[in-house]
Amino acid sequence: MHTILRKAWFRIAVALAIVAIACLNLIADFAMVDFGVDQGLPAGAEWFCAFGLLSTLLWMYLEILRLLALLRP
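Below: a short report on this structure. What you are looking at is a predicted structure, and each value in this text was computed from that prediction instead of being measured.

1. A word on the overall build of the protein chain
Phase 1: When you go through the protein chain residue by residue, the secondary structure sums to 2 helices and 0 strands.
Phase 2: Compactness check: the protein chain gives a C-alpha radius of gyration of 17 Å against a globular reference of 11 Å for 73 residues, more than 25% above the reference.
Phase 3: If one aligns the C-alpha atoms of the protein chain with their principal axes, the spans along those axes are about 60 × 15 × 10 Å.
Phase 4: Out of the 73 residues belonging to the protein chain, those deemed buried represent 21%.
Phase 5: Counting only contacts in the protein chain whose residues sit at least 6 apart along the sequence, the fraction spanning at least 24 positions is 80%.
Phase 6: Taken as two groups, the 5 positive and 5 negative side-chain charges of the protein chain have centres that lie 33 Å from each other.

And the structure:
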């Protein structure tokens, strides 16, 4: 029983670390958008930034769902 509980806490800690990395990636995506606006990048860069934001939000959403599933009793 204790081994299962230890493995569950390890999986929860890993999931929390992944969510933290996804949050940092989201901050980096917003910084990239801000940089693009300041530099006046062309329209193609807008799509690149939008795709980056979308993929990061999707990744974060899935990881939060995985974390909630691990926390479920």
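Back to the write-up after that little detour.
2. Here we look at the state of the cysteines
Phase 1: Applying the stated criterion across every chain, the model contains 0 disulfides.
Phase 2: In this structure cysteine 49 is not part of a disulfide, and its nearest cysteine sulfur, from cysteine 23, lies 19 Å away.

3. Let's talk about helix α2 (residues 43-71)
Phase 1: Taking 1.5 Å of rise per residue, 29 residues should cover 42 Å, and α2 covers 42 Å from first to last C-alpha, within 8% of that figure.
Phase 2: Of the residues making up α2, those classed as buried are Ala45, Cys49, Gly52, Leu53, Thr56, Met60, Glu63 and Leu67.

Reading guide: rules and limits
- Residues numbered from 1 in each chain as written.
- Predicted model: local features only at pLDDT ≥ 70, side-chain atom pairs only at ≥ 80, totals over all residues.
- Heavy atoms only, no water.
- Helix = DSSP H or I, 4+ residues; strand = E, 2+ residues; numbered from the N terminus.
- Rg over C-alpha atoms; globule rule 2.2 N^0.38 Å.
- Buried < 20%, exposed > 50% of the residue type's maximum accessible area, 1.4 Å probe, protein only.
- Contact = heavy atoms within 4.5 Å.
- Lys, Arg positive; Asp, Glu negative; His and termini not counted.
- Charge placed at Lys NZ, Arg CZ, Asp CG, Glu CD.
- Disulfide = S-S within 2.5 Å.
- Expected span 1.5 Å × (residues − 1).

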